[in-house]
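# Architecture and fold: a report
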2 protein chains.
Amino acid sequence: MRDTPRPEFELDAFMPYLLNQAAEHVSLGFAATYKAEYGLTRTQWRVMANLGRFGAMSAVEICRISHIEKTRVSRAVGVLERDGYLTRTRASDDRRREDLALTEAGRAVFAALCARGQAYQAEMAARIGPQNFAALEQGLRALIVAYGETVATDD
Amino acid sequence: MRDTPRPEFELDAFMPYLLNQAAEHVSLGFAATYKAEYGLTRTQWRVMANLGRFGAMSAVEICRISHIEKTRVSRAVGVLERDGYLTRTRASDDRRREDLALTEAGRAVFAALCARGQAYQAEMAARIGPQNFAALEQGLRALIVAYGETVATDD
DNA sequence: TTGACATAGTTGCATTTGCAACAAATAACA
DNA sequence: TGTTATTTGTTGCAAATGCAACTATGTCAA
């Protein structure tokens, strides 16, 4: 059912396309894990991962680091707090700010998912081979450095 | 505002994270273009790009190629038709199917965006350097081959 | 032919999202 | 000070999304 191909534009050589396609494939696999196991959404896991990796910080800081939208972070934090994975504390020096920190339970989940993530990544490296994996990492880092200021968190 | 770092898990060396981060940076840039210029959403552009690149096909085929959800394609097609960018024709051999094809206007928009895309990509290659660009492409292709069957379309 | 099953596409509905508007606190500075 | 701008975080609302149910059409085989 295809005709009129348009060779001038190689969609499949278009970097944004490749990037999204790859990201989608890879993310879905890991997302399935934290979703099935802990009922976490993507955003929730992202917030959690940042707190787990970098320690307590405010919502805005999470936004800056992860490039997740304000509102989304706000709502994810609400859920994570309700579920006992993190606590919010009004900052004493600036009462607009809330310091977010993982609870014991939150850290436990984070640790468990870290292990899963490591395994996932190892399997991925095995699938595409160490050379491709290295190439990929190099390219991605270059991109992130070139495009974004600080880096962030994702699944 | 950071403490308690957890060196065991290098979030910033976690491939799904890098991938998403990079994809997000890059996509947003191009998305801004087709959104501002033609009011297209991401999905609409994806549908359009597939039709533009591969020629007329049915909605299901677009789903298969792009991994976009059925419903989403259906709705994007509705809008694109309303806006005069594509036509749907009941297939004569199977009246369940609709053959989708870009109109003249649709092809014009596609062509214009292709040019933008090419420029965008060139600028990106320049930013990160040809070596990194090549490495990235190699890695991404390996990934897509390893993980997904057919490839798709993205911004 | 009939009946069971598969496929293309749409629609209903609950959830998630983004954006703009907002309240509260703080900063800046005339 | 008083006044104006910024920053943090939340909420309202409309749009986008995913999933399941549904219609219409086709296929296969008894």
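Above this note sits the structure.
Fair warning: this is a prediction, and the values are worked out from it, not measured in the lab. (Residues numbered from 1 in each chain as written. Chains lettered and ligands numbered in written order. Predicted model: local features only at pLDDT ≥ 70, side-chain atom pairs only at ≥ 80, totals over all residues. Heavy atoms only, no water.)

## Topic: the protein's contact with DNA strand C
Heads up, the rule is: Throughout this document, a residue counts as near a molecule or strand when at least one of its heavy atoms sits within 4 Å of that molecule or strand. Pairs of N or O atoms within 3.5 Å make up the polar contacts considered here, provided that, within protein, one atom can donate a hydrogen while the other can accept it, and that residues adjacent in sequence are counted only when both atoms are side-chain atoms. The secondary structure listing takes helices from DSSP runs of H or I that are at least 4 residues long and strands from runs of E that are at least 2 residues long, numbered from the N terminus.
Looking at DNA strand C, there are 18 residues lining it, with Arg 72 of chain A together with Val 60, Lys 70, Ser 74 and Arg 88 of chain B nearest. When atoms of DNA strand C within 4 Å of the protein are sorted by moiety, sugar and phosphate together comprise 57%. At 2.8 Å from a phosphate oxygen of DNA strand C is found a main-chain nitrogen or oxygen belonging to Val 60 of chain B. Those elements giving two or more residues to the surface near DNA strand C turn out to be helix H4 (70-82) of chain A together with helix H3 (59-66) and helix H4 (70-82) of chain B.

## Examining the environment of Tyr 120 of chain B
Applied cut-off: When a residue's accessible area, from a 1.4 Å probe over protein chains only, is under 20% of the maximum for its type it is buried; when over 50% it is exposed; and in between it is partly exposed. Should any heavy atoms of two residues lie within 4.5 Å, those residues are counted as being in contact.
For Tyr 120 of chain B, the position within the fold is in helix H5 (residues 104-128). We classify Tyr 120 of chain B as buried; its relative accessible area is 13%. Sequence separation between Tyr 120 of chain B and Thr 33 of chain B is 87 residues; the distance between their C-alpha atoms is 9.9 Å. Sequence-distant contacts of Tyr 120 of chain B, defined by excluding residues within four places in its chain, comprise Pro 16 and Tyr 147 of chain A together with His 25, Val 26, Gly 29 and Phe 30 of chain B.

## Digging into the packing of helix H2 (residues 42-54) of chain B against H5 of chain B
All names here are of chain B. Filter applied, for reference: Here an angle of 0 to 180 degrees is reported between the N-to-C directions of two axes, which are lines fitted to C-alpha atoms, with helices fitted over the stretch in contact. Between 65 and 115 degrees an angle is taken as roughly perpendicular, under 35 as roughly parallel, over 145 as roughly antiparallel, and anywhere else as oblique. Basically, the charged four are Asp, Glu, Lys and Arg, the nonpolar ten are Ala, Val, Leu, Ile, Met, Phe, Trp, Tyr, Cys and Pro, and anything else, Gly included, counts as polar.
Running from N to C, H2 and H5 cross one another at 95°; their axes reach a closest spacing of 10 Å. Classified by the angle their axes make, H2 and H5 are roughly perpendicular. Between H2, through Trp 45, Met 48, Ala 49, Gly 52 and Arg 53, and H5, the contact on the second element is made entirely by Gly 106, Val 109, Phe 110 and Leu 113. Partitioned by chemical class, the residues of the contact of H2 with H5 number six nonpolar, two polar and one charged.

## As for the protein's contact with DNA strand D
Val 60, Ser 74, Arg 88 and Arg 96 of chain A together with Arg 95 of chain B are the nearest of the 20 residues found near DNA strand D. Sugar plus phosphate: this is where 58% of the atoms of DNA strand D within 4 Å of the protein reside. Note that a base nitrogen of DNA strand D is positioned 3.2 Å from one of the side-chain N or O atoms of Thr 71 of chain B. Every element with two or more residues in the surface near DNA strand D is listed here: helix H3 (59-66) and H4 of chain A together with H4 of chain B. When residues in the surface near DNA strand D are grouped by element, the largest group, four residues, is from H4 of chain A. Broken down by class, the residue content of the surface near DNA strand D amounts to two nonpolar, six polar and twelve charged.

## Focus on the packing of aromatic side chains
Note the following rule: Each Phe, Tyr or Trp ring, with Trp reduced to its six-membered ring, pairs with another whose centre is within 6.5 Å; inter-plane angles below 30 degrees give stacked pairs, above 60 give edge-to-face pairs, and intermediate values give tilted ones.
Using the criterion set out here, one finds twelve aromatic pairs over all chains in the structure. Arranged with centres 5.7 Å apart and planes meeting at 40°, the rings of Phe 30 of chain A and Tyr 120 of chain A form a pair that is tilted. Here Tyr 120 of chain A lies in helix H5 (residues 104-128) and Phe 30 of chain A lies in helix H1 (residues 15-38), a separation of 90 residues in the sequence. Both residues of the pair, Phe 30 of chain A and Tyr 120 of chain A, count as buried. Pairing Tyr 34 of chain B with Trp 45 of chain B gives two aromatic rings, centres 5.8 Å apart and planes at 25°, and the pair type is stacked. On the criterion of sequence distance, the pair formed by Tyr 34 of chain B in helix H1 (residues 15-38) and Trp 45 of chain B in helix H2 is long-range, its members being eleven residues apart. The buried category is assigned to Trp 45 of chain B, whose relative accessible area is 0%. Connected via pairs of aromatic rings, a cluster forms that spans Phe 14 of chain A together with Phe 30, Tyr 34, Trp 45, Phe 110 and Tyr 120 of chain B.

Worth remembering: the numbers are spatial, not functional.
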